[in-house]
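Take a look at the letters that make up each chain.
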Amino acid sequence: EIFFTSGGTEADNWALRGALLANRERGKHIVITPFEHKAVLSQAEALTKEGFELSYVDVEPETGIVTPAALTAVMRPDTVMVSIMMVNNEIGTIQDIPALVAAARAVSPKVIFHTDAVQAAGFVPIDVKALGVDLLTISSHKIYGPKGVGALYVKKGGFRFGAITQGGSQERKMRTGTENQPGIIGFGAAAEIAKAQFAERVAHMRALRDQFLEGALSIEGVRLNGPDPLVNPAIRHPGNANISIDRIEGESMLLKLDMAGIAASSGSACSSGAIHPSHVLLACGYDTARASASLRFSFGASNTPADIEYVVEQVRVAIQFLRSLVPGGQ
């Protein structure tokens, strides 16, 4: 049930295209959220040019939570596939995938359900049987494995699923071409380590993230984007923080932080060079000004409390400097 790919992007693309083209006679309607990774968004939009129809399920304002009622409200008799990411890559929202699968199946028992779990793997418990999904995407480098390798879980039975490449017998003729064997071996080793260190890593990252938020949110004009982990830690990735800073563009903050040796992001990492506001924040109801003034910070196994103290102080220094350039000062 596991097929290796070049990464999460390929696996997401294959999940949608492989399922929809193989089940075209069952329906032509796709349901996704507006804050999926670009790999899902772009492929879903591309499929509309091939006769499929696309609907976006509304997400709860600010938190980005998808409710079962919102999902079933956009489903139709010809809905063949639903794709909802398990953990959002920008604001860290954790979806209740089992509840969403159950709701979708109550409307259409044969609907194919895919979840992009790239951000979840290693940091949020994943049990494909408990989730009830048909397709699930993961990526190696998100769990400290090699870059350039990912995997797609394809549940046996219940639906047809097709290859999108031809010309070889690799991966049981489903994903042709020579496999990245060193990458796959590294991916497997990283998965074993991630499982063994799961509780330790999650606790470490959550402590660092909460330390960062306590310091950053004490700065005037800094606000949290997405669900509040201090209220309910179960609905946000333990290593994710996303903040907005009043009256300061996110790109300006990135430049100042970069000079201080700090890597952050405005929008998703795959489009960090883009100057347009985050589509995720816009989908969650944040206005353009706030979305443009937002930054994402991610915390990992190698970070320390001392790192967080430094980052918070440099965020404070950068804000003071940039505000001093604005007419009216502070």
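Our structure is the block above this text.
Since this is a predicted model, take the numbers as computed values, not measurements.

### Remarks on the pairing of strand S1 (residues 2–5)
Argument step 1. Burial of S1 is one-sided: the residues Phe3 and Thr5 facing one way are buried, the residues Ile2 and Phe4 facing the other way are not.
Argument step 2. Summarising the sheet, S1 and strand S7 (residues 150–154) pair through 4 bridges and their orientation is antiparallel. Paired with isoleucine 2 across the bridge in S7 is tyrosine 153.

### A short note on the sheet that holds strand S10 (residues 294–298)
Argument step 1. Here we have 3 strands laid out as an open sheet, ordered S8-S9-S10, and antiparallel in their pairing. Across the chains shown, the open sheet's two edge strands, defined by having one partner strand only, are strand S8 (222–224) and S10. For this sheet, the mean inter-axis angle between neighbouring strands, taken without regard to orientation, is 30°.
Argument step 2. Sheet topology places S8 next to strand S9 (residues 240–245); 3 bridges connect them, and they run antiparallel. What sits directly across from arginine 223, in S9, is serine 244.
Argument step 3. In the packing of helix H9 (residues 250–259) onto the sheet, the strands contacted are S9 and S10, and the crossing angle to S10 comes to about 45°.

### Some thoughts on the sheet that holds S1
Argument step 1. An order of S1-S7-S6-S5-S4-S2-S3 is seen for the 7 strands of this open sheet, with the pairing classed as mixed. A strand with exactly one partner marks an edge of an open sheet, and here the two such strands are S1 and strand S3 (53–56). Averaged over neighbouring strand pairs, the angle between their axes works out to 20° when direction is ignored.
Argument step 2. Bridging between strand S4 (residues 79–83) and strand S5 (residues 112–116) involves 3 bridges; their strand directions are parallel. Within the sheet, the bridge partner assigned to methionine 81 lies in S5 and is isoleucine 112.

### A closer look at helix H12 (residues 305–324)
Argument step 1. The end-to-end C-alpha distance of H12 is 29 Å, a good match for the 28 Å that 20 residues give at a rise of 1.5 Å each.
Argument step 2. Turning to H12, its buried residues number three or more, namely Ile308, Val311, Val312, Val315, Ala318, Ile319, Leu322 and Arg323. For H12, the buried positions fall inside an angular range of 130° around the axis, keeping them on one side. Turned more than 90 degrees away from the buried face of H12, the exposed residues are Ala306 and Glu309.

### Topic: the packing of helix H1 (residues 8–22) against helix H2 (residues 38–47)
Argument step 1. Relative to each other, H1 and H2 sit at 30°, their axes nearing to 8 Å. Looking at the two axes, H1 sits roughly parallel to H2. The element H1 and its partner H2 pack so that their crossing is right-handed. In this structure, H1 uses Thr9, Asp12, Asn13, Leu16, Arg17, Leu20 and Leu21 to contact H2, whose residues at the interface are Ala39, Val40, Gln43, Ala44 and Leu47.
Argument step 2. A class-by-class count of the residues in the contact of H1 with H2 yields 7 nonpolar, 3 polar and 2 charged.

Calculation notes
- Within any chain, residue numbers begin from 1 and follow the written order of that chain's sequence.
- Since the coordinates come from a predicted model, pLDDT governs what is reported: local features require at least 70, and pairs of side-chain atoms require 80 or more to be given and counted, while whole-chain, interface and lining totals use all residues.
- Heavy atoms from the whole structure form the basis of all side-chain values; hydrogens and water molecules are not counted.
- Burial classes follow relative accessibility: with a 1.4 Å probe on protein chains only, a residue under 20% of its type's maximum area counts as buried, one over 50% as exposed, and anything between as partly exposed.
- Helix and strand definitions follow DSSP, with helices as H or I runs of at least four residues and strands as E runs of at least two, each counted in order from the N terminus.
- For two strands to pair, DSSP has to find at least two bridges joining them.
- Note on geometry: axes are lines fitted to C-alpha atoms, helical ones only across the stretch in contact, with angles between N-to-C directions running from 0 to 180 degrees.
- Any pair of residues with heavy atoms lying within 4.5 Å of one another is described as a contacting pair.
- Between the first and last residue of a helix there are one fewer steps than residues, each counted as 1.5 Å, and that sum is the expected span.
- The directions considered for the arc are those from the helix axis to the C-beta atoms.
- Each angle gets one of four labels, with under 35 degrees taken as roughly parallel, over 145 as roughly antiparallel, 65 to 115 as roughly perpendicular, and the rest as oblique.
- Left-handed is the label given to a crossing in which the near helix is rotated counterclockwise from the far helix by less than a right angle, and right-handed is the label when the rotation is clockwise.
- Classification used: nonpolar for Ala, Val, Leu, Ile, Met, Phe, Trp, Tyr, Cys and Pro, charged for Asp, Glu, Lys and Arg, polar for all others including Gly.

The values are spatial; any link to function lies outside them.
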